[in-house]
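Structural characterization, general
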There are 2 protein chains.
Amino acid sequence: MVARPVGEPVRSDFELREAVVPEPGPGQLLVRNTWMSVDPYMRGRMNAGISYIEPFALGEVLDGGAVGEVVRSEAPDVPMGATVLHGSGWREWAMVPAAAVEVIDPAVAPPQAFLGVLGMPGVTAYVGLLDIAQLKAGDVVFVSGAAGAVGSVVGQLAKLRGHRVIGSAGSAAKVRHVVDRLGFDAAFDYREGPVVDQLRLAAPDGIDVFFDNVGGEHLEAGIELLRQDGRAALCGAISSYNSPAPAAGPDNMFRVVGARLTLRGFIVSDHRHRSAAAIAELAPALNDGRLVWQETVVEGIEQAPAAMIDLLRGANTGKMLVRL
Amino acid sequence: MVARPVGEPVRSDFELREAVVPEPGPGQLLVRNTWMSVDPYMRGRMNAGISYIEPFALGEVLDGGAVGEVVRSEAPDVPMGATVLHGSGWREWAMVPAAAVEVIDPAVAPPQAFLGVLGMPGVTAYVGLLDIAQLKAGDVVFVSGAAGAVGSVVGQLAKLRGHRVIGSAGSAAKVRHVVDRLGFDAAFDYREGPVVDQLRLAAPDGIDVFFDNVGGEHLEAGIELLRQDGRAALCGAISSYNSPAPAAGPDNMFRVVGARLTLRGFIVSDHRHRSAAAIAELAPALNDGRLVWQETVVEGIEQAPAAMIDLLRGANTGKMLVRL
C-alpha cells in the first residue's frame, strides 16, 4: 500500500513490488501461497486511525489470511509439502514462523475453504448467530449482506436449525442466489427501495435476531423490526467503510429501550476457542451439500487490489478470493 | 388528560375533575392517596402511538404509582388504616382491588420512599446497573441524569460497591449536589458544553458501564467513551420525550462493533422478581445515611400537571413527588 485510500480505494493506492525471497531460519517456513483472502475489515486497516486492529503501514506489504504449501521447512513439526493456513497474505511467497501457521487437512475440504466457510468468515457467522445473538427456538432471523461470505453462512446455519430466515443483498441476481440456492425464506435487493419497507414486507410480524454486516440504513431497519427481547449481533458496517465521514446514526434508538433490545458488537478474533465447534457443525453440512458455499475467484496477485475494490462495491457473491 | 400534548405538555392538556367516590365492593379498598408519583415514562403514555405500555385514554383519569391509607376495606387481608402502594395515582381517592396493592411498612421508611428509592426508580437503578449492565469489579461508571430519581441511586449504588462514578446533570446546582451530597467522583453540567468533551475530561481513560436516562447526545457520548467490552444499560431518553420528531441517532455505532460493546434496553416491570434484593441492599444504606435520597415535593393534586411539566424540564432534584 503506497497511499492511504480516501473514500473508495483506487489502483494507484497499491503497487506490485518484487523482493528477494530469503532463506528460512530455524523454526521458519517458506510457503508458496496458493490462495489469499480479501475481507471487508481490511479496509479499516488501510486508514491511519486507531481501530480495533493495528493499521497497515504505508509503503509496506499488506497482510491477511492465506493458504499455501510449505516448500522449505526449518521446523520439525511442519513438513515440506504441508498445506498451511496463516496470516501473511497479499504476497506469493511468505516466510512465516511455524508457530504461526495451522496445518490443514485438504481431505476435509479444498484448502481455500479454510479462508471462508471453515475459516474466519464461517466462525464469525457461527459465533455471531449462536453466542452473540443467542439464537433460540422459534426466532425469525434477518441477515444483511446475505450473499456475502459471512451472511450466506449465517442464513444457512439458521435454516439448518429450523428458523425462518430473511436476507438482504445488493442485486437481483444475488437475491435469486440467496433464495434459490441458499434456501432463505425471503430476500430483497436493498438497492431497490427503503430497507425498512422491504424488511417489513418480508417480516410483517417482525424479527427476533438481526445479524448486521452492512450498518447504516440496515441497522436502523433492523432496530425498527426487532420484536420484544430481540437481539442484534453487530458484525460489520460495509456500507460505511469507504466513507470518510461517519454515517448518520439510527434515529430509532428508543426502540432499544421500549422493546428491551440487545445490540452487541463482536470481533471474531476474541472467539478463537469456538473454531472447533463451528467447523464440527459446518464441515459435515458442507460435505453432504446441505450447506452451499460460493466463491468469487480473481486470478493473480496483480488483481488483488481490484478484488478488494470490487468487494467493497459488492461485486462478489460469496467469498472473494484471489488465486495466486 | 383532555388533550394529547404536542411537544411539551401544557396545563390546558389537563383538567381537574370531581367525581363521586363509590362504595367499595367485595375485595375492594377505598384508599386516601397521600403521595403520587410523576415519572418521565408517563410522557410516552400521553401519546396515542403504540409503545411498550398502553397509552393513556383521552378524557380519562391518568394513573401511576401512589401510596395512601386504606379508609374502607372490603378485603379481609388488608385492614383499614394500612398504608398501601398501588397504581392508581393522579387522584386523591382511589378504589382499588386488594389484590392490586402492596401493603408497606412505614417503619422501614417514609411511605413516599416506596415510590422512589425503595420503589420503581430504585429497582430500576439496581436492575439496570447489576443485571443489565453487569457491573463488575473495577468498572468505571457513567450515569446520565445523575441528579434524578434513578440516576442518583445508580451512582450511589456503584459508589457503595467501590467504583469510580461520573455523572451528568442539568444545572450547576445539581452538579454540586451530585458531587458534594451524593459522593460521585466527578460530574458535569450537560448544558455547559458538548457532552462528549465533558465526559472525556472526566474520564480520560474511558468508561466501562454507561447507564443512560437521557439519550440523544448523551447516548452518542457514552458510546464514544465506552472501552472494550463496555456495557450500556439503556433506561430512558428524557431528552426526546417532548420531541414530536425522532432525535438524530448516534453516528458512532461502528464503535459498538470495534470495541465489542453491548447496548441493552430494559423496562423495570420485567424484573419485579428483583425488588426484594434491591430493597434488601438499598433500605439499610438509606437508614444509616450511606445512601442519600432527595425529593422535590409539590403540594396538591391541582399542581400535578405542573409537576409533570417541570419534571420533563429537569426542574427537580431527586424524586419528583406530589403530596396530596
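Note that residues are indexed from 1 along each chain, following the sequence as it is written. Starting at A for chains and at 1 for ligands, labels are handed out in the order in which the entities are written. Where local features are concerned, this predicted model is filtered to residues with pLDDT of at least 70; where side-chain atom pairs are given and counted, the filter is 80 or more; whole-chain, interface and lining totals use all residues. Where side-chain values are given, they derive from all heavy atoms of the structure, hydrogens and water being excluded.

Examining the sheet that holds strand E10 (residues 226–234) of chain A
A pair of strands is labelled paired if DSSP reports no fewer than 2 bridges between them. Helix and strand definitions follow DSSP, with helices as H or I runs of at least four residues and strands as E runs of at least two, each counted in order from the N terminus. Overall, mixed pairing links the twelve strands, which are arranged E8(A)-E7(A)-E6(A)-E9(A)-E10(A)-E11(A)-E11(B)-E10(B)-E9(B)-E6(B)-E7(B)-E8(B) in an open sheet. Unpaired on one side and paired on the other, strand E8 (186–189) of chain A together with strand E8 (186–189) of chain B mark the two borders of the sheet. Here the average twist between neighbouring strands, direction ignored, is 15 degrees. Where strand E6 (residues 140–143) of chain A lies against strand E9 (residues 207–212) of chain A, three bridges are found, and the strand directions are parallel. Directly across from Val141(A), in E9(A), lies its bridge partner Val209(A). Any two residues whose heavy atoms approach within 4.5 Å at even a single point are treated as in contact. Between N-to-C directions, angles cover 0 to 180 degrees, with each direction set by a line fitted to C-alpha atoms, over the stretch in contact for helices. The sheet contacts of helix H4 (residues 172–181) of chain A involve strand E7 (164–169) and E8 of chain A, and relative to E8(A) the element is tilted by about 170 degrees. Those strands touched by helix H6 (residues 217–225) of chain B are strand E6 (140–143), strand E7 (164–169), strand E9 (207–212), strand E10 (226–234) and strand E11 (262–265) of chain B, and its axis lies near 165 degrees from that of E9(B).

Remarks on helix H8 (residues 275–287) of chain B
Residues and elements named next belong to chain B. Expected span of a helix: the number of residues minus one, times 1.5 Å. Taking 1.5 Å per residue as the helical rise, H8 with its 13 residues ought to reach 18 Å, and the 17 Å between its terminal C-alpha atoms agrees with that figure. For H8, the complete set of buried residues consists of Ala-278, Leu-282, Ala-283, Ala-285 and Leu-286. At its buried positions, H8 is contacted by helix H2 (120–132) and helix H3 (149–160). Positive backbone phi, approximately 85 degrees, marks Gly-289, located one or two places after H8. Burial classes: relative accessible area under 20% of the type maximum marks a residue as buried, over 50% as exposed, and values in between as partly exposed (1.4 Å probe, protein chains only).

Quick word on the interface of chain A and chain B
Counting residues at the interface gives 28 residues for chain A, matched by 28 residues for chain B. Buried area, as used here, totals the accessible surface that two parts lose on assembly, with accessibility defined by a 1.4 Å probe and the loss added over both. For the pair chain A and chain B, the summed buried area comes to about 2,200 Å², and 64% of that belongs to carbon and sulfur atoms. Only one rule defines a salt bridge in this text: a Lys or Arg side-chain nitrogen within 4 Å of an Asp or Glu carboxyl oxygen. Connecting chain A to chain B are two salt bridges. Close ionic contact of Arg260(B) with Asp270(A) constitutes a salt bridge, the shortest N to O distance being 2.7 Å. Listing elements by their share of the side of chain A that touches chain B, those giving two or more residues are E10, helix H7 (254–258) and strand E11 (262–265) of chain A. Polar here means any residue outside two lists: the nonpolar Ala, Val, Leu, Ile, Met, Phe, Trp, Tyr, Cys and Pro, and the charged Asp, Glu, Lys and Arg; Gly therefore counts as polar. Looking at side-chain class alone, the side of chain A that touches chain B contains 17 nonpolar, seven polar and four charged residues. Here E11(A) pairs with E11(B) via three bridges, running antiparallel. Bridged to Arg264(A) within E11(B) is Thr262(B).

Concerning the domain arrangement of chain A
Residue and element names in this part refer to chain A. Where each domain begins and ends follows an automated or database-derived domain assignment. On domain assignment, one finds that chain A holds domain 1 (11–115 + 295–323) and domain 2 (120–269). For domain 1 versus domain 2, the separation of C-alpha centres amounts to 28 Å. With 16 residues of domain 1 at the interface, the matching set in domain 2 holds twelve residues. Carbon and sulfur atoms make up 60% of the surface buried where domain 1 meets domain 2, a total of about 1,100 Å² over both sides. Of all residues in domain 1, Arg-43, Leu-312 and Thr-317 bury the most surface against domain 2, accounting for 34% of the area lost on that side. Summed over the shared surface of domain 1 and domain 2, the number is zero salt bridges.

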